[in-house]
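# Secondary and tertiary structure notes
One-letter residues, chain by chain:
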Amino acid sequence: EVQLLESGGGLVQPGGSLRLSCAASGFTFSSYTMGWVRQAPGKGLEWVSVITGSGGSSYYADYVKGRFTISRDNSKNTLYLQMNSLRVEDTALYYCAKDTPQGGSSDYWGQGTLVTVSS
Amino acid sequence: DIQMTQSPSSLSASVGDRVTITCRASQGISNWLAWYQKKPETAPKFLIYAASSLQSGVPSRFSGSGSGTDFTLTISCLQPEDFATYYCQQYNSYPRTFGGGTKVEIK
């Protein structure tokens, strides 16, 4: 059974940093592109970033580019999102998601970890 | 970036109704489109990929169609568990982008 468990969320001041983790199990982690999607309170889903199975390529939404870094440790079956220079508008529930075998869409999602940016 | 526009933003329907949601891309995306269902306090659920391919385990009352710039998600006979918000997402190019969502409410 595929399981994705996010952690690392919390309350941080504007300009601060936070690192999210997503522990994966139930599939061959290194074979799949993985990513992050967020949902701000009362808002819609917003795509954040993905990284290929080997970790060789990563992609970002414009609103996080230069501030967030996605990475993975295939030996630990874990996906990360390093978030720097956090802004109030980054406040959201952050979901970890696994790509389908065909790629592009996400067939499994974690339950999310809440990031609150506030002074 | 490719913009995805859903309509309507919300709708009211009754159990048993046929419901259609539209998603329009700002440029052609072939059939690189997915649909998700989102309920409060739960993770998104994957419904459809490649515009019209039903994910395993998803009820057959859900269907998708379209290609290029115009797409639809249809629920043929609305069930109580289908009241939720639905999102389209393009994966033709990066950055991937979601539509704004369509909330399906009980009439």
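The structure displayed is predicted, hence computed values, not measured ones.

Core analysis: the biggest nonpolar cluster contains 43 residues, and A:Trp36, A:Leu79, A:Leu81, A:Met83 and A:Tyr94 have the highest contact counts within it. For this core, the secondary structure elements donating two or more residues are strand S3 (18–25), strand S4 (34–39), strand S5 (45–51), strand S7 (68–73), strand S8 (78–83), strand S9 (92–99) and strand S11 (113–117) of chain A together with strand S4 (33–38) of chain B. Ignoring sequence-local partners within four residues, the contact set of A:Leu79 consists of A:Leu20, A:Ser21, A:Cys22, A:Phe29, A:Met34, A:Gly35, A:Trp36, A:Ile51, A:Ile70, A:Ser71, A:Arg72 and A:Cys96.

Strand pairing in a sheet relies on backbone hydrogen bonds, with the paired strands running either antiparallel or parallel. Residue and element names in this part refer to chain B. Here we have four strands laid out as an open sheet, ordered S1-S3-S8-S7, and antiparallel in their pairing. Edge positions in the open sheet fall to strand S1 (4–7) and strand S7 (62–67), since each of these has one partner strand only. The sheet shows a mean angle of 20° between the axes of neighbouring strands, taken without regard to direction. As judged from the six bridges shared by S7 and strand S8 (residues 70–75), these two strands associate in the antiparallel manner. Bridge pairing links Phe62 to Ile75 in S8.

So, about empty space enclosed by the protein. For the coordinates displayed, the defined rule picks out one cavity of 30 Å³ or more. Taken as a whole, the largest cavity holds about 40 Å³ of empty space. Every residue along the wall of the largest cavity is listed here: A:Met34, A:Gly35, A:Trp36, A:Val37, A:Trp47, A:Val50, A:Ala97, A:Asp99, A:Ser106 and B:Arg96. Listing elements by their share of the lining of the largest cavity, those giving two or more residues are S4, S5 and S9 of chain A. Looking at the lining of the largest cavity, its residues break down into six nonpolar, two polar and two charged.

Bringing the pattern of salt bridges into the picture now. Where charged atoms from two side chains of opposite charge approach closely, those side chains can pair. Residue and element names in this part refer to chain A. Under the counting rule described, the total for this entry stands at ten salt bridges over all chains. Residues Glu46 and Arg38 are paired through a salt bridge, measuring 2.6 Å at the closest nitrogen-oxygen approach. Its relative accessible area of 29% is what places Glu46 among the partly exposed residues. Relative accessible area serves as the criterion here: at 3%, Arg38 is assigned to the buried category. For Asp90, the salt bridge goes to Arg67, with nearest N and O atoms at 2.7 Å. Here Asp90, found in the loop between S8 and S9, pairs with Arg67, found in the loop between strand S6 (58–60) and S7; they are 23 residues apart in sequence, far enough to count as distant.

So, how was this worked out
Residues numbered from 1 in each chain as written. Chains lettered and ligands numbered in written order. Predicted model: local features only at pLDDT ≥ 70, side-chain atom pairs only at ≥ 80, totals over all residues. Heavy atoms only, no water. Core = buried A, V, L, I, M, F, W, Y, C linked by side-chain atoms within 4.5 Å. Buried < 20%, exposed > 50% of the residue type's maximum accessible area, 1.4 Å probe, protein only. Helix = DSSP H or I, 4+ residues; strand = E, 2+ residues; numbered from the N terminus. Contact = heavy atoms within 4.5 Å. Pairing = 2+ DSSP bridges. Axes fitted to C-alpha atoms, helices over the stretch in contact; angles between N-to-C directions. 1 Å grid on protein atoms, 1.4 Å probe; cavity = no way out; pocket = protein on both sides within 12 Å on 5 of 7 lines; lining within 4 Å. Points joined across faces, edges and corners; volume = space filled by probe spheres on them. Nonpolar A, V, L, I, M, F, W, Y, C, P; charged D, E, K, R; others polar. Salt bridge = Lys/Arg side-chain N within 4 Å of Asp/Glu carboxyl O.

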